[in-house]
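# Coordinate analysis (summary)
Chain by chain, the residues run as shown.
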Amino acid sequence: MTPAAIALNRFGLGARPDEALPSAPRRWLLDQFDRYQAQPAAWQGRRGAELLLADYQAEQRKVRDASEADKQAARQTLRRDAREDYVAAVNARLASALDTPAAFVERLVHFWANHFAISVEKPLVLDLAGAYETEAIRPHVLGRFDDLLLAAVRHPAMLVYLDQAQSVGPNSVAARRVAERNPQLQRGLNENLAREILELHTLGVRSGYTQAEVTEFARALTGWSLAGPAGAGQGGQGATQPMGTAGDAPTGGFQFRPALHEPGPRTLLGRRYPEGGEAQGVAILRDLAVSPATARHVATKLARHFVADEPPPALVDRLAATFQRSGGDLPSVYRTLIESPESWLAGQGKFKTPWDWTVSSLRALGRHELKNAEGAQLLNQLGQPVWRPGSPAGYDDIAASWAAPDALVRRVELAQRLALLAGNSIDPRALAPRLLPGDALSDASAQAIARAESASTGLALLLVCPEFLRR
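Note that the structure is a prediction, hence the values are computed from the model and not measured. As a convention, each chain's residues are numbered from 1 in the sequence order in which they are written. In keeping with the predicted nature of the model, local features appear solely for residues at pLDDT of at least 70, side-chain atom pairs appear and are counted solely at 80 or more, and the whole-chain, interface and lining totals rest on all residues. Values reported for side chains reflect all heavy atoms of the structure, with hydrogen atoms and water molecules removed beforehand.

### Some thoughts on the pattern of salt bridges
Convention followed: By definition, a salt bridge exists where a carboxyl oxygen of Asp or Glu is found within 4 Å of a side-chain nitrogen of Lys or Arg. Buried residues are those whose accessible area, probed at 1.4 Å on protein chains only, stays under 20% of the maximum for their type, while exposed residues exceed 50% and partly exposed ones sit between those limits. Labels follow the DSSP assignment, with helices taken as runs of H or I lasting at least four residues and strands as runs of E lasting at least two, numbered in each case from the N terminus.
Applying the stated criterion across every chain yields a total of 29 salt bridges. Taking the shortest distance from any N to any O, the salt bridge between Asp55 and Arg47 comes out at 2.5 Å. In this structure Asp55 comes out as partly exposed when scored by relative accessible area, which is 30%. With its nearest N and O atoms 2.5 Å apart, the salt bridge here joins Asp317 to Arg296. Within this pair, whereas Asp317 is found in helix α15 (residues 313-326), its partner Arg296 is found in helix α14 (residues 292-306), the two being separated by 21 residues in sequence. Asp317 sits in the partly exposed class, given a relative accessible area of 39%.

### Brief notes about unusual backbone geometry
A positive phi angle, near 55°, is found at Arg206, a position not held by glycine. For Arg206, the location among the structural elements is in the loop between α10 (192-201) and α11 (211-221). By relative accessible area, which is 81% here, Arg206 ends up exposed. In this structure, Trp387 takes a positive phi of about 60° despite not being glycine. Positionally, Trp387 belongs in the loop between α18 (374-382) and α19 (405-422). Residue class for Trp387 comes out buried when judged on its relative accessible area of 7%.

### Considering the packing of aromatic side chains
Put simply, the rule is: Stacked, edge-to-face and tilted labels apply to pairs of Phe, Tyr and Trp rings (six-membered ring for Trp) whose centres lie within 6.5 Å, assigned for plane angles under 30 degrees, over 60, and everything in between, in that order. Placement of a charge over a ring requires the Lys NZ or Arg CZ to be within 6 Å of the ring centre, with the centre-to-atom vector within 35 degrees of the ring normal.
For the structure shown, the criterion picks out 15 aromatic pairs. Ring geometry for Phe11 versus Phe104: centroids 5.6 Å apart, planes at 80°, classification edge-to-face. Here Phe104 lies in helix α5 (residues 103-115) and Phe11 lies in helix α1 (residues 3-11), a separation of 93 residues in the sequence. Between the aromatic rings of Phe33 and Phe104, the centroid separation amounts to 6.3 Å while the plane-to-plane angle is 25°, which identifies the pairing as stacked. Of this pair, Phe33 sits in helix α2 (residues 25-35) while Phe104 is found in helix α5, placing the two residues 71 residues apart along the sequence. One exposure class covers both Phe33 and Phe104, and it is buried. Chaining the aromatic ring pairs together yields one cluster made of Phe11, Phe33, Phe104, Phe306, Tyr334 and Trp344. Here the basic side chain of Arg154 rests over the ring of Phe254, its NZ or CZ set 5.3 Å away from the ring centre.

### Focus on empty space enclosed by the protein
Condition: The definitions used throughout rest on a 1 Å grid laid over the protein atoms alone, on which a cavity is an enclosed set of points accommodating a 1.4 Å probe that cannot get out and a pocket is an open set flanked by protein within 12 Å on both sides along at least five of seven lines; lining residues are those having an atom within 4 Å of a point. Grid points are joined across faces, edges and corners, and a volume is the space filled by probe spheres set on the points. Throughout, the ten residues Ala, Val, Leu, Ile, Met, Phe, Trp, Tyr, Cys and Pro are labelled nonpolar, Asp, Glu, Lys and Arg are labelled charged, and all others, Gly among them, are labelled polar.
One pass over the full model with this rule turns up two cavities of 30 Å³ or more. Estimates place the volume of the largest cavity at around 40 Å³. If you go around the largest cavity, the residues you meet are Leu8, Ala15, Arg16, Glu19, Ala20, Leu21 and Arg434. Lining of the second largest cavity is provided by Pro354, Leu382, Trp402, Ala407 and Arg411. When its residues are assigned to classes, the lining of the second largest cavity shows four nonpolar, no polar and one charged.

Okay, structure coming up:
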């Protein structure tokens, strides 16, 4: 692959036929920092998490208050509305990827959304997923890692997904009140969020923390809850205004509730954190964000995503060093990635995930958007539903998870459908060197495309040739 092909495909989201090839690939990537739009047109006008949360809670009250005869219809309305919000958000995400002037940064949005993964199996997360990406991820991909971390883990979508709103300090005011009223009803810690922050978001597995420290961290995070009745139901009186006064990087719908917070100092990874309500959890997160273990964990994941399933150790070392030296300044880390020779080595590259392949195929065909539920259905059929990895670890980023024979058959079938929709208006022989410039397309693939019996057949072959399946 030529440097232009690597910039377009490995760093970007695939070439568009209506865009010029980059003459200076490294500079083209760096210039995208200034062209990136945190809130592009496709996302504008959508409801934020605070309003979505309030509307969802209002609909839940209608379900509760409905007669037995009407409850089923009310539940169906609630599920339908959440599904419609989800489909619209998927379409906005796809439209942003298809039309972005900063494909490299848009890829980083997708990378970080998968790093801080949520999953829409829970009905409320289905409603909130789009707002999560626009409020917690998109504004922070060109900022500092600690701000991105705080925005992600305090967003209502993450709090609901990992059951943080159900976590109550055993010695908190709320727990004591409950015990006084009903000694048989025990409320306690939920460690999900604390565990995933340590294992997936910051330090990584086998980085030295203990189960006792997971529990200690979970105590520090008690009180991190939802605005409105859903959160109030967990803690009763004593809530601050949304976001309190101790934190920053606010996202709508978060509310710190002192009545839920476990009192007392915390000790984590050899450092003591005095009692301080919301500020206690924030202080721990800020320290985790600049830990050497976090630097290496993030560096490894970036190198794996952009370069190879087995990341080059020298590249990981270089990225981790920049992360530590800059205090987690993400643009500095991205510059190191762009400037590193390992990033530009020709070779097998990365096998495209279904999301990557879908976006690059649609960009190759000049598409700007998808209608109705078409985008969500495409990704479902390919085995990578948007925002539904089924695990806080997110989707895998290695070829072995996506290159099974049955998965490739589904891509062939969808390539044929997309090519038929394009008709004979696109000449695949002329398009191929635009998508895979230089010598990126092999002679065998070029000949197969040229000998196809129709333009649509040639186009389908282009979309599933070995070179296009990788980036």
